[in-house]
Amino acid sequence: MESVEEYHAARAMLEWQVELGATEAIGDVPVDRYGLKGKVAAVPGAAAVVAPVVAPVVVEKVDPVAVAVAAAKGAGSLEALRAALGAFEHCELKKGARNLVFSDGVAGARVMIIGEAPGRDEDREGRPFVGRAGQMLDRMLAAIDLGRDGSVYITNVLPWRPPHNRDPLPGEIAMLMPFVKRHVELAEPEVIVLMGNIACQGVLGRRGITRLRGTWERALGKPVLPMFHPVDLLRKPASKREAWADLLSLKARLGGSA
Ligand code: URA
């Protein structure tokens, strides 16, 4: 440091950076700050100046998954779970979404459907599966006499729309799955249908819907059936044959009636 003025200018700059949120200084070479403690800097023409010791800014690291687990566990009802999700501040998607998309259909229905994430229409309305994919889902369910007006309860892995409908990131899925698990506990369905790869990723920890679909597994304490997502069927109508087989399997599991 050449002069007292430079020292004060450097200190003001440092304080400004700390105010802006800088938590760590990265230099080309390591600096032993403890070694500098109390070191006297010789300043020509001025009294000796003690090099400042800036207290380290301690940033507490939050584990969003642990926060989600605690928040979800504390919810004793579906309404409380919705409120807990609404108060969860660790997912960036929330900032870009218009609405929290929690569920539709009838809580307590025998069938719970878990989809991926809201799209534009769902984000606007605050209800899952209301756009084109939702209309396709309604047709699929109606084909086996199911519907959201009585026999089905619907939610998604993510309650907020990802920007440009991009795939959810693994970290986003991980921090929102505790809410999905609690959602299943509170809704108490008899069986769960996993719509598409993201639902399989969240619930089963695996992707590959073409291989997974149609085979019942056990997860979240329930029988679960992976199925092609309605969007898959819109993109590739030939897959409707497999989807129909899976719907019949669901109907059989329910004893032929909803
Ligand atoms: N796709 C989904 O997986 N969920 C929705 O709510 C809408 C589209």
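Residues numbered from 1 in each chain as written. Predicted model: local features only at pLDDT ≥ 70, side-chain atom pairs only at ≥ 80, totals over all residues. Heavy atoms only, no water.

**Some thoughts on the overall build of the protein**
And then number 1: The helix and strand tally for the protein stands at 12 helices and eight strands.
And then number 2: Looking at the protein as a whole, 40% of its 258 residues are labelled buried.
And then number 3: If you take every contact in the protein between residues at least 6 apart in sequence, the share linking residues at least 24 apart comes to 70%.
And then number 4: When the accessible surface of the protein is summed, it comes to about 14500 Å², and 54% of that surface belongs to carbon and sulfur atoms. (Helix = DSSP H or I, 4+ residues; strand = E, 2+ residues; numbered from the N terminus. Buried < 20%, exposed > 50% of the residue type's maximum accessible area, 1.4 Å probe, protein only. Contact = heavy atoms within 4.5 Å. Areas by Shrake-Rupley, 256 points an atom, 1.4 Å probe, with all protein chains shown as cover.)

**Topic: the sheet that holds strand E3 (residues 104–105)**
And then number 1: The strand order across the open sheet built from six strands is E3-E5-E4-E6-E8-E7, with neighbouring strands paired in mixed fashion. A single partner strand is all that each edge strand has here, and the edge strands are E3 and strand E7 (217–219).
And then number 2: Sheet analysis places E7 next to strand E8 (residues 222–227), joined by three bridges and oriented antiparallel. Bridge assignment links Ala-219 to a residue of E8, and that residue is Lys-222.
And then number 3: Packing against the sheet, helix H12 (residues 240–253) makes contact with strand E4 (111–115), strand E6 (191–195) and E8, and its axis sits at approximately 165° to E8. (Pairing = 2+ DSSP bridges. Axes fitted to C-alpha atoms, helices over the stretch in contact; angles between N-to-C directions.)

**What to know about the pattern of salt bridges**
Two side chains that carry opposite charge are able to pair once their charged atoms sit near each other.
And then number 1: This structure, assessed with the given rule, holds 15 salt bridges.
And then number 2: Note that Arg-213 and Asp-246 form a salt bridge whose closest N and O atoms lie 2.8 Å from each other. Of this pair, Arg-213 sits in the loop between helix H10 (209–212) and E7 while Asp-246 sits in helix H12; the two residues are 33 residues apart in sequence, bridging distant segments of the chain. When sorted by exposure, Arg-213 lands in the same class as Asp-246, which is buried.
And then number 3: When salt bridges with common partners are traced through the structure, they connect Asp-104, Glu-125, Arg-127, Asp-138 and Arg-148 into a single cluster. (Salt bridge = Lys/Arg side-chain N within 4 Å of Asp/Glu carboxyl O.)

**Re the site of the ligand**
And then number 1: Around the ligand, the surrounding shell consists of Gly-115, Glu-116, Ala-117, Glu-122, Pro-128, Phe-129, Asn-156 and His-229.
And then number 2: At 2.7 Å from an oxygen atom of the ligand is found a main-chain nitrogen or oxygen belonging to Glu-116.
And then number 3: Within the side chain of His-229, a nitrogen or oxygen atom sits 2.7 Å from an oxygen atom of the ligand.
And then number 4: Protein chains bury 92% of the 230 Å² of accessible surface belonging to the ligand in isolation.
And then number 5: Partitioned by chemical class, the residues of the shell around the ligand number three nonpolar, three polar and two charged. (Near = heavy atom within 4 Å. Polar contact = N/O pair within 3.5 Å; in protein donor to acceptor, adjacent residues only side chain to side chain. Nonpolar A, V, L, I, M, F, W, Y, C, P; charged D, E, K, R; others polar.)

**Describing the pairing of E8**
For a regular strand, side-chain orientation follows a simple rule: the groups alternate between the two sheet faces.
And then number 1: Here E8 lies mainly inside the structure; five of its six residues are buried.
And then number 2: Where E6 lies against E8, four bridges are found, and the strand directions are parallel. When the bridges of E8 are listed, Val-193 appears paired with Leu-225.
And then number 3: Joining the antiparallel neighbours E7 and E8 is a turn of two residues, in which Leu-220 adopts a positive phi near 50°.

**Let's talk about the packing of aromatic side chains**
And then number 1: According to the stated counting rule, one finds one aromatic pair in the structure shown.
And then number 2: Ring centres of Phe-88 and Phe-179 lie 5.2 Å apart, and the angle between their planes is 65°; on these two criteria the pair is classed as edge-to-face. A residue pair is termed long-range when its members are at least 10 positions apart, and Phe-88 in the loop between helix H4 (78–86) and helix H5 (93–96) and Phe-179 in helix H8 (residues 170–187) qualify at 91 residues.
And then number 3: The exposure class assigned to Phe-88 is buried, which follows from its relative accessible area of 2%.
And then number 4: Sitting over the face of the ring of Trp-216, Arg-253 holds its NZ or CZ atom 4.6 Å from the ring centroid. (Phe/Tyr/Trp six-rings, centres within 6.5 Å; stacked < 30°, edge-to-face > 60°. Lys NZ or Arg CZ within 6 Å of the ring centre and 35° of its normal.)

**A word on the side chain of Glu-122**
And then number 1: Note on placement: Glu-122 falls in helix H6 (residues 120–125).
And then number 2: No salt bridge is formed by the buried Glu-122. Its closest oppositely charged neighbour is Arg-161, at 7.1 Å.
And then number 3: One polar contact links the side chain of Glu-122 to the main-chain amide nitrogen of Gly-131, over a distance of 3.0 Å. (Lys, Arg positive; Asp, Glu negative; His and termini not counted.)

**A word on the side chain of Arg-182**
And then number 1: Checked against the element boundaries, Arg-182 lands in helix H8.
And then number 2: With relative accessibility at 18%, the residue Arg-182 sits in the buried group.
And then number 3: Ignoring anything within four residues of it in the chain, the contact list for Arg-182 reads Ala-72, Lys-73, Ala-75, Gly-76 and Leu-81.

**Quick notes on the packing of H4 against H8**
And then number 1: Axis separation between H4 and H8 bottoms out at 10 Å; the angle between their running directions is 170°. One finds that H4 runs roughly antiparallel with respect to H8. For the pair formed by H4 and H8, the contact residues are Leu-78, Leu-81, Ala-84 and Leu-85 on the first element and Leu-176, Phe-179, Arg-182, His-183, Leu-186 and Ala-187 on the second.
And then number 2: The class makeup of the residues in the contact of H4 with H8 is eight nonpolar, one polar and one charged. (Parallel < 35°, antiparallel > 145°, perpendicular 65-115°, else oblique.)

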